[in-house]
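Summary of the model geometry
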Protein chains: 4
Amino acid sequence: MPRSQEQYDEIRKQKKQLILDTALELFAENGFHATSMSQVAKKAGVSKGLAYNYFESKQEILDEIIKTGFDSIYSHFDLNQDGILSRDEFEHFIRNSFKAIGENRKFWKLYSAIIMQSDIAESMMEKYGDRSQTIMQMLNQFIKNMGSKDPEGDLMVISSLVKGALLVVISAPAFFPVKQLENKTTEACFRLITTK
Amino acid sequence: MPRSQEQYDEIRKQKKQLILDTALELFAENGFHATSMSQVAKKAGVSKGLAYNYFESKQEILDEIIKTGFDSIYSHFDLNQDGILSRDEFEHFIRNSFKAIGENRKFWKLYSAIIMQSDIAESMMEKYGDRSQTIMQMLNQFIKNMGSKDPEGDLMVISSLVKGALLVVISAPAFFPVKQLENKTTEACFRLITTK
Amino acid sequence: MPRSQEQYDEIRKQKKQLILDTALELFAENGFHATSMSQVAKKAGVSKGLAYNYFESKQEILDEIIKTGFDSIYSHFDLNQDGILSRDEFEHFIRNSFKAIGENRKFWKLYSAIIMQSDIAESMMEKYGDRSQTIMQMLNQFIKNMGSKDPEGDLMVISSLVKGALLVVISAPAFFPVKQLENKTTEACFRLITTK
Amino acid sequence: MPRSQEQYDEIRKQKKQLILDTALELFAENGFHATSMSQVAKKAGVSKGLAYNYFESKQEILDEIIKTGFDSIYSHFDLNQDGILSRDEFEHFIRNSFKAIGENRKFWKLYSAIIMQSDIAESMMEKYGDRSQTIMQMLNQFIKNMGSKDPEGDLMVISSLVKGALLVVISAPAFFPVKQLENKTTEACFRLITTK
DNA sequence: AATGAATGAGACTTCATTCAT
DNA sequence: TATGAATGAAGTCTCATTCAT
């Protein structure tokens, strides 16, 4: 008996996700350019032709991976939608970033490698630049609210610290004391706000 | 009559440097794998054949670029060779790192992109891993000497901060207030050492 | 619907053989190094890419050609597997060699050219040296059994004669009286055994 | 003081010979196509440019090597110029061939490899075919004079034997008992002439 | 939906040859 | 005479993509 439309859709969705996951794994491990579609198809257990049935091109696979990763990050960072960052929400944001990376280090390794290359970075800026700016503005406001004498400067230092710490987590070997780094970083963020 | 040995040496030296500079520019901009030798040769204004007259392979060009960049950094970090880091030397190290990156941002962009790719990163670890470790040990000792209650934790946070700040400089557009970031970062480093 | 496994296997088998045959022809005619993969592909009526779909490298094509040729020769030389060469078997061996060459002169021309080149010859010695030695030992025993006063010397002369005659057949133009050479050579082999 | 014309000529001659010798060595060892002009020039201790000062092309070097080798063989085979081969002259011819190969095995290895390739073989046939035929006719007459019942057949067998034996010498490792092979072959030649 | 044979552009690399000096 | 930097065609090989089945 033939399958229903829903079953077909479900199959399509699963196969597509399988290809995306496999591609992410290989791209992160060996780099986008050094990974061939043959490898992706083989490791995913599908034919090359099928992969092109789901995706227009290798580049489209990458785009979709990036988009999914971004969305997952920003959805975690929801902030009760009032546009204001409380102290708890800030801490939650920091800690949640560590958690997100720990849960999907492959993606972030790939992402880190990619934003270093201008051709890819540019197209990403077009797509995600706005959202990034919104976040920075909210952080700025938060630091002001905390009584900072130099909000702009503090924001630079704090975001540098967080970026650096996350980078360490991303590239660190598995046995790195991630939890300790998370604690020390969170705590340091508050200490770095220059109160009067 | 053929040219003298000196003349040939001079030609070789200049052309080799031209190719290295061109390759660095393109590698940094588009990535190592996405840059072809044809592009490098064309932009450098030489034939592909000549490029292979000076370098065994594309990989060797990359290796030479990396080696030169590393050496330039570590030579700046000389520390009067006594194996101990003074307060001034530490501050000089931080500030000099900002300066080095400002002077050769292309290289550091390339370097950052490269360490994210496992295939290339491994061979670099073999070559430069030792020197990195020495530096970390000296920093650890310095933080102890400054009276830290948690040297290991502080080192993690401080090196994260510096890494993050340098990363910001590397990927930031030209108009970023680098000097301010340098000052704030340096100052923050000292503040982050947890005294008893 | 995709083709069945059998259909794919059949396609692969035929295309692979086509490429092997074409390569043998060109290698034999112009030499291995002087023949390009483009020539092979063009003459076979396939793309270069397809050729590399079937063979890892140009060298692998040569290896497969050599292996096939060798196996076909040694399979003809079965000798009822008792390890002893009778008079009839000896004669059959000589005559069969002429026959084999006549049937596949291209291969033997290629083979002759190849064993003259040290780089290729070495890897062949590793693979086929053992079997050659076994044959020489059996021939030596045969000559002894025939009552030779100087088995070692006779073996040298006889194998030289056969080699030379086969070489003549290999390089001779088509109109050469091969059958006559075969008869005379076979007969001479027996006459050359120095009886007491 | 400038050198005289004779001195220049002498230098030219020596340099040219040096290049020829070096090329022969490398061609014989690695094959014509697998040897580059750079290798030849480097091993000869001259520049590439100079090599092209003496020879039009790589091919011309090969041609000259072949020509020199041939001439040296045929000059040894002088036969007192009366067009008739005596018994002693025949034996001398055989033994001299072994001697010639022993003295210049490199050349003969190269030569053997080359005649297997039709493109080169053809141009050689044009140049040296006549002389070869003359020799074959003289050998034919000699065998007749020796009382052969089947001069044509005997010639085929004898020339096969000699060719095969020489081939063995050419490709044999250094420790092969060449003198024994020479003796046995010479003796066998006479025994192979089918007397009535 | 699914397969993998097939293509062709383009990657890296080599090397015979030229030429300014 | 002599050099070696420089060229460009050609070689080996890879891989994203297409398409008949």
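Here the structure is a predicted model, which means the values were calculated and not measured.

Right, let's talk about the relation of the copies chain C and chain D for a bit. Of the two same-sequence chains, chain C is brought onto chain D (RMSD 0.5 Å, axial shift 0.0 Å) by a rotation of 178 degrees. Here the transformation between the copies is reduced to the relation of a two-fold axis. The fraction of interface residues of chain C whose copies in chain D are also interface residues reaches 97%, indicating that both copies meet through the same surface.

The next thing to look at is the interface of chain B and chain A. With 36 residues of chain B at the contact, the number on the chain A side is 35 residues. Regarding the contact of chain B and chain A, the summed buried area is about 3100 Å², with carbon and sulfur atoms giving 66% of it. Linking chain B to chain A there are four salt bridges. B:Lys184 is paired through a salt bridge with A:Asp150; the nearest N and O atoms lie 3.1 Å apart. The interface formed by chain B and chain A contains five residue pairs in polar contact (both at pLDDT 80 or more).

What follows deals with the relation of the copies chain B and chain A. Once turned by 178 degrees and shifted 0.1 Å along the axis, chain B lies on chain A with an RMSD of 0.4 Å. Both copies share a contact surface, since 97% of the interface residues of chain B are interface residues in chain A too.

The subject of this paragraph is the pattern of salt bridges. Residues and elements named next belong to chain B. In this structure the tally under the stated criterion is 42 salt bridges over all chains. Salt-bridge contacts for glutamate 103 lead to lysine 99; the nearest nitrogen and oxygen are separated by 3.6 Å. Of this pair, glutamate 103 and lysine 99 are both found in helix 5 (residues 87–103), four residues apart, which corresponds to roughly one turn of the helix. Its relative accessible area of 45% is what places lysine 99 among the partly exposed residues.

In this section: helix 9 (residues 178–192) of chain A. An α-helical turn contains 3.6 residues, so any two residues separated by three or four positions project in the same direction. Helix length check: helix 9 of chain A (15 residues) gives 21 Å between terminal C-alpha atoms against 21 Å at 1.5 Å per residue, within 8%. Those residues of helix 9 of chain A lying buried are A:Leu181, A:Glu182, A:Lys184, A:Thr185, A:Thr186, A:Ala188, A:Cys189, A:Phe190 and A:Leu192.

Here helix 8 (residues 151–171) of chain A spans 30 Å end to end across 21 residues, near enough to the 30 Å set by a 1.5 Å rise per residue. Across the 21 residues of helix 8 of chain A, 18 count as buried, placing the element largely inside the fold.

Next up on the list: the interface of chain C and chain D. Listed by partner, the interface residues are 36 residues for chain C and 35 residues for chain D. At the boundary of chain C with chain D, total buried surface from both sides reaches about 3100 Å², with 66% on carbon and sulfur atoms. When the buried area of chain C at its contact with chain D is split by residue, C:Met116, C:Met156 and C:Lys184 rank highest and sum to 21% of it. Here chain C and chain D share four salt bridges between them. There are five residue pairs in polar contact (both at pLDDT 80 or more) connecting chain C and chain D. Of all elements in the fold, only helix 1 (5–30), helix 6 (105–115), helix 7 (118–145), helix 8 (151–171) and helix 9 (178–192) of chain C reach the threshold of two or more residues within the side of chain C that touches chain D. It is helix 8 of chain C that contributes the most residues to the side of chain C that touches chain D, twelve residues altogether.

Below, the discussion takes up the domain arrangement of chain A. Residue and element names in this part refer to chain A. Domain annotation of chain A identifies domain 1 (1–55) and domain 2 (63–192). Taking only C-alpha atoms, the centre of domain 1 and the centre of domain 2 are 30 Å apart. Domain 1 puts nine residues into the contact, and the matching count from domain 2 is eight residues. Each partner contributes to the roughly 810 Å² buried at the junction of domain 1 and domain 2, and carbon and sulfur atoms together form 70% of this total. Counting across the domain 1 and domain 2 interface gives two salt bridges. Put simply, lysine 16 and glutamate 64 hold a salt bridge, and the shortest N to O gap is 3.4 Å. Taken together, the links from domain 1 to domain 2 amount to two residue pairs in polar contact (both at pLDDT 80 or more). Grouping the constituent residues of the side of domain 1 that touches domain 2 by class yields six nonpolar, one polar and two charged.

Now for the protein's contact with DNA strand E. In the region of DNA strand E, 41 residues are neighbours, and B:Met1, B:Tyr52, C:Arg12, C:Lys15 and D:Met37 sit closest. At a separation of 3.4 Å, a base nitrogen of DNA strand E approaches a polar side-chain atom of A:Lys48. At 2.6 Å from a phosphate oxygen of DNA strand E is found a side-chain nitrogen or oxygen belonging to C:Tyr54. Elements supplying a minimum of two residues to the surface near DNA strand E: helix 1 (5–30) and helix 3 (48–54) of chain A, helix 3 (48–54) of chain B, helix 1 and helix 3 (48–54) of chain C together with helix 3 (48–54) of chain D. Partitioning the surface near DNA strand E into residue classes produces 16 nonpolar, 14 polar and eleven charged.

Calculation rules
Residues numbered from 1 in each chain as written. Chains lettered and ligands numbered in written order. Predicted model: local features only at pLDDT ≥ 70, side-chain atom pairs only at ≥ 80, totals over all residues. Heavy atoms only, no water. Least-squares fit on C-alpha atoms with pLDDT ≥ 70 in both. Contact = heavy atoms within 4.5 Å. Buried area = accessible area lost by both parts, 1.4 Å probe. Salt bridge = Lys/Arg side-chain N within 4 Å of Asp/Glu carboxyl O. Polar contact = N/O pair within 3.5 Å; in protein donor to acceptor, adjacent residues only side chain to side chain. Helix = DSSP H or I, 4+ residues; strand = E, 2+ residues; numbered from the N terminus. Buried < 20%, exposed > 50% of the residue type's maximum accessible area, 1.4 Å probe, protein only. Expected span 1.5 Å × (residues − 1). Domains from an automatic or database assignment. Nonpolar A, V, L, I, M, F, W, Y, C, P; charged D, E, K, R; others polar. Near = heavy atom within 4 Å.

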